[in-house]
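Residue-level structure breakdown
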Amino acid sequence: MTDPRKDWHRDTIAVRLAEDKSQFGENSEALFLTSSFVQPDAATAARRFAGEEEGYIYSRFTNPTVTSMEKRLAALEGAQACIGTSSGMAAIVLMCMGLLKAGDHVVCSRSVFGSTIKLLAGEFGKFGVQSSFVSQTDVAEWKAAIQPNTRLLFAETPTNPLTEVCDIRALADVAHAAGALLAVDNCFCSPALSQPIALGADLVIHSGTKYLDGQGRVVAGAICGPKDLIEGKFVPVMRSAGMSLSPFNAWVVLKGMETLGIRMRAQSDNALALATWLEAQPQVARVYYPGLKSHPQHALALQQQSGLGGAVLSFELQGADPQQARARAFHVIDHTQVCSITANLGDTKTTITHPATTSHGRLTEEQRQAAGISQGLVRVAVGLEHIGDLQADLARGLHSLA
Ligand SMILES: *Cc1c(COP(=O)(O)O)cnc(C)c1O
């Protein structure tokens, strides 16, 4: 019998696909808050522990609610399999532990999430894995950084906070020509906008904390990819290392994914309207948003992201000097009444932050300048509030600047 689910649209998968229902026939997905599972007899327990028979054993290994989240996310990403993790960073740790050994080399965009750079350069550096950091957008730099021991290319698109877009297909070609894998952190687009595996990526990393949950309630993560890597490389590491996803958090993410498509489209529409309005304000020097024609990778972004720009934008306030630019950015942020002042993103509640003193505050001034994070830069992760209220919220500060 063919599985009718293979023809489902992403919006249907997001609502319907899960692990089999329990004997009670519940309509909603059940939450299995249990650390272990009772075995029918000793011989079955032995077969399950040996991996000769399927069956739940212990929630560090896996749990039916976690399995439901994994099945739904794998289907949304067009991946064969998925493994849930306790956070987005735990997913990256698990991927690196599963794929890499001392002496291996990674090529990574210089503009990825700050903790990812710290993890690769710092923690995995200590274990003898070397990483080279290259331009987000210049494919030739990725190619030039390849070494005989390169095992993994790692990208994230669009980047935070400057929304630079990389060409996933081109990077997949570079990786495969070198016999390496391409992993893409798909946190900002989510599978509602972009499916990196269809563009040639081997693995997709998620922070479920962001758009998958979508309402800023839990920390969660996942890796999606081919069955042989998930089951052969990552499941064994998970079983001994234990960066497991809590069933409760999996259940929250599972529920969040039901509205993923509708949220991503509505939040992208809100972000485009806000970016367009910001670009017309004389107090704003520059707006960074892939949905704007002024964005350097506008065409690539639309092609790779289902015609949408995503929900994160940044804008720059100029000043006579960096101190004045920072004071202006603080003025705009502090005059908001709707936006939450927090560095988180992916929430239905709009968040506003000053990257130079928060997410990128630990960099030196030279590193910040190299990364393009000026003191006048403000990032907005646009939520689901009415666009008129969001515009008024930013206009209050912008229109009262000295
Ligand atoms: C937040 C984030 C992460 C880390 O996810 P956690 O769930 O906070 O561990 C990784 N990558 C990107 C792009 C993120 O925004």
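Now for a quick tour of the structure. (Residues numbered from 1 in each chain as written. Predicted model: local features only at pLDDT ≥ 70, side-chain atom pairs only at ≥ 80, totals over all residues. Heavy atoms only, no water.)

Looking at the site of the ligand
- Inspection of the region around the ligand gives 13 residues, with Gly88, Asp185, Ser207, Thr209 and Lys210 positioned closest.
- The contact in question runs from a nitrogen atom of the ligand to an N or O atom on the side chain of Asp185, over 2.6 Å.
- Here Lys210 contributes a side-chain N or O atom positioned 2.7 Å from an oxygen atom of the ligand. (Near = heavy atom within 4 Å. Polar contact = N/O pair within 3.5 Å; in protein donor to acceptor, adjacent residues only side chain to side chain.)

Some details on the packing of aromatic side chains
- Evaluated as defined, the whole model comprises three aromatic pairs.
- With centroids separated by 5.4 Å and ring planes inclined at 40 degrees, the aromatic side chains of Phe37 and Tyr56 adopt a geometry described as tilted. Taken together, the residues span a long stretch of sequence, with Phe37 in the loop between α1 (10–16) and α2 (42–49) and Tyr56 in the loop between α2 and α3 (64–77) at a distance of 19 residues.
- According to the relative accessible area criterion, Phe37 is buried, its value standing at 17%.
- The aromatic ring of Phe61 is capped on one face by Arg239, whose charged end is 4.0 Å from the ring centroid. (Phe/Tyr/Trp six-rings, centres within 6.5 Å; stacked < 30°, edge-to-face > 60°. Helix = DSSP H or I, 4+ residues; strand = E, 2+ residues; numbered from the N terminus. Buried < 20%, exposed > 50% of the residue type's maximum accessible area, 1.4 Å probe, protein only. Lys NZ or Arg CZ within 6 Å of the ring centre and 35° of its normal.)

Re a nonpolar patch on the surface
- Together, Leu31, Leu33 and Phe248 make up a nonpolar patch on the protein surface, roughly 270 Å² of accessible area in all.
- In this fold, Leu33 is placed in the loop between α1 and α2. (Patch = residues over 30% accessible without salt bridge, like charges linked within 9 Å, V, L, I, M, F, W, Y side chains within 5 Å. Areas by Shrake-Rupley, 256 points an atom, 1.4 Å probe, with all protein chains shown as cover. Salt bridge = Lys/Arg side-chain N within 4 Å of Asp/Glu carboxyl O.)

Here we look at the nonpolar core
- Counting residues in each nonpolar core, the largest one holds 35 residues, and the members touching the most others are Met69, Leu73, Cys82, Tyr211, Val253, Met257 and Leu260.
- Elements with a minimum of two residues in this core: α1, α3, α8 (190–193), β7 (221–225), α10 (247–257) and α11 (260–279).
- Each of domain 1 (4–259) and domain 2 (260–398) contributes no fewer than three residues to this core.
- Contacts of Cys82, omitting those with residues within four sequence positions, involve Met69, Glu70, Leu73, Ala74, Ala222, Ile223, Cys224 and Ile230. (Core = buried A, V, L, I, M, F, W, Y, C linked by side-chain atoms within 4.5 Å. Domains from an automatic or database assignment. Contact = heavy atoms within 4.5 Å.)

Considering the environment of Gly310
- Mapping Gly310 onto the fold places it in the loop between α12 (298–304) and β9 (312–316).
- Remark: the alpha-carbon pair of Gly310 and Gly221, spanning 89 residues in sequence, is separated by 20 Å.
- Beyond its immediate sequence surroundings of up to four residues, Gly310 is in contact with Leu193, Gln267, Ser268, Ala271, Tyr289 and Gln305.

Here's the deal with helix α9 (residues 227–241)
- Along its 15 residues, α9 runs 20 Å from first to last C-alpha, staying within 8% of the 21 Å computed at 1.5 Å per residue.
- At Phe234, α9 shows its strongest bend, of approximately 40 degrees, with the proline Pro236 following within four residues.
- For α9, the complete set of buried residues consists of Leu229, Ile230, Phe234, Val237 and Met238.
- For α9, the secondary structure elements touched by its buried residues are β1 (81–85), α4 (88–99), β5 (181–185), β6 (203–207) and β7.
- At the C-terminal side of α9, Gly242 shows a positive phi close to 75 degrees. (Expected span 1.5 Å × (residues − 1). Bend = angle between axes of the 7 residues up to and from the residue.)

Some remarks on the sheet that holds β7
- What the seven strands build is an open sheet, ordered β1-β7-β6-β5-β4-β2-β3; its pairing is mixed. The sheet is open, and its two edges are formed by β1 and β3 (130–134), each paired on a single side. When strand polarity is set aside, the average angle formed by the axes of neighbouring strands in this sheet is 20 degrees.
- As judged from the three bridges shared by β5 and β6, these two strands associate in the parallel manner. From the neighbouring strand, Val184 faces β6, where its bridge partner is Val204. (Pairing = 2+ DSSP bridges. Axes fitted to C-alpha atoms, helices over the stretch in contact; angles between N-to-C directions.)

A closer look at the pairing of strand β4 (residues 150–156)
- Of all seven residues that make up β4, six are buried, and the element is covered over most of its length.
- With four bridges connecting them, strand β2 (residues 105–109) and β4 associate as parallel partners. Residue pairing for β4: Val106 is matched across the bridge by Leu152.
- The sheet contact formed by β4 and β5 spans five bridges and is parallel. When the sheet's bridge partners are listed, Leu152 is paired in β5 with Leu181.

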